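Structural overview for review
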Amino acid sequence: MVAEARWTMKLSKEDERLRRESPAYQPDEAWEELAPQAMQVVLSVRFDPRTAGRINAVARQTNRTPSRLIRDWTVERLSSVSEKQEAGIATSLREQASPYLAVEADYEALRDRYRPASVEILLVGESRPAGGTFFYLANSNLFDATREAFAVALGPMPRGDEFLRYITQHGVWLFDIAEQPIDRLPGRPRKAAVSERIEHLVSLLRETNPVLIIAIKRDLGSAVRQAMHEADVPLNRLHILPFPLYQWRRDYVQRLSQLVRDRRAHETGSTRGGFRRYEPLNR
């Protein structure tokens with residue numbers, strides 16, 4: 001069914017550009033009018049920030065918009081399917097899901113970029129989120145709550161990458177036990193994924209010997225204690241905080257901010273330095 005309705009729109013230059021580039025609409029002879037086309041369907045997709053950046057870079061290199069690029073790729077892929085395959089698509093066509101681990105190295109390289117020369121405070125998480133956010137992309141719930149805790153303890157804090165660099169300078173680092181996202185797995189497989197990686201935490205503890213270890217999730221307590229015992233790290237260095245989601249965020253912020261304040265007071269005048277208030281550079 002072709003929509004007959006048309007309407008006049010006053011658009012800014014940016015609106016005009018976006019409308020011209022959108023595959024959801026096609027212009028008629030008069031650009032002052034927007035004509036909805038028959039049988040047009042708009043699909044919305046979500047990407048993690050790193051993948052979106054790559055798509056945007058390829059789009060620029062090929063003089064296309066990201067939406068046009070994705071549409072072209074989809075049409076090209078579907079066009080490669082033969083008529084015979086299309087006739088029996090339910091049984092003949094086999095598409096494999098793109099593996100989530102395709103960007104695993106990118107996440108871990110980013111984590112390593114912010115690793116302090118000396119790890120004084122080790123934050124131990126379960127895994128990075130399956131949704132694509134990440135502490136070291138400065139876009140996760142854990143990042144926001146951690147930054148808030150430091151602000152409560154020490155005063156105004158920078159945002160984004162600048163906060164990550166600030167805590168790196170003060171010896172704070174986040175290590176996730178599981179190498180893949182497991183937050184959407186059920187109980188037993190989730191616990192198994194953590195148990196299988198305990199030795200990696202043991203090795204890290206032996207290597208870094210942090211003065212403070214913060215397990216970020218109550219269920220991680222036993223696993224972290226086990227690793228500390230095997231690494232011969234005193235258990236009095238361990239603090240277990242809830243993951244900062246929903247009603248537990250306030251508890252996380254309050255307890256972490258107190259740990260930061262205590263650490264600052266303990267280290268004042270010591271050779272290890274201690275937390276300093278953030279002082280932005282004069283620009």
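My aim in this report is to walk through the structure given alongside it, one point at a time. (Residues numbered from 1 in each chain as written. Predicted model: local features only at pLDDT ≥ 70, side-chain atom pairs only at ≥ 80, totals over all residues. Heavy atoms only, no water.)

1. Thoughts on the packing of aromatic side chains
Under the definition given, this model contains nine aromatic pairs. Here the aromatic rings of F143 and F163 are separated by 5.6 Å at their centres, their planes lie at 80 degrees, and the arrangement is edge-to-face. With F143 in helix 7 (residues 141–154) and F163 in helix 8 (residues 160–169), this pair connects stretches of sequence that are 20 residues apart. With centroids separated by 5.6 Å and ring planes inclined at 75 degrees, the aromatic side chains of F150 and F163 adopt a geometry described as edge-to-face. One end of the pair, F150, is in helix 7; the other, F163, is in helix 8, and 13 residues separate them in sequence. For F150, a relative accessible area of 3% gives the class buried. The exposure class assigned to F163 is buried, which follows from its relative accessible area of 0%. By the ring-pair criterion, three or more aromatic residues cluster together here, those being Y107, Y114, F134, F135, Y136, F143, F150, F163 and Y166. Taking NZ or CZ as reference, R115 lies 4.9 Å from the ring centre of W173, over its face. Over the aromatic face of Y107 sits the side chain of R128, whose NZ or CZ is 4.0 Å from the ring centroid. (Phe/Tyr/Trp six-rings, centres within 6.5 Å; stacked < 30°, edge-to-face > 60°. Helix = DSSP H or I, 4+ residues; strand = E, 2+ residues; numbered from the N terminus. Buried < 20%, exposed > 50% of the residue type's maximum accessible area, 1.4 Å probe, protein only. Lys NZ or Arg CZ within 6 Å of the ring centre and 35° of its normal.)

2. Some thoughts on the nonpolar core
Counting residues in hydrophobic clusters, the biggest one holds 58 residues, and the most contacted among them are L122, Y136, F150, L201, L205, I214 and V224. Setting aside anything within four residues of it in sequence, one finds I214 in contact with I121, L122, L123, V124, H239, L241, L256 and L259. (Core = buried A, V, L, I, M, F, W, Y, C linked by side-chain atoms within 4.5 Å. Contact = heavy atoms within 4.5 Å.)

3. Considering the environment of R218
Inspection of the secondary structure assignment puts R218 in the loop between strand 6 (212–216) and helix 11 (221–230). Since its relative accessible area comes to 47%, R218 is described here as partly exposed. As for R218 and P242, which are separated by 24 residues in sequence, their C-alpha atoms are 5.5 Å apart. In terms of polar contacts, R218 uses its side chain to reach the side chain of D251, at 3.3 Å. (Polar contact = N/O pair within 3.5 Å; in protein donor to acceptor, adjacent residues only side chain to side chain.)

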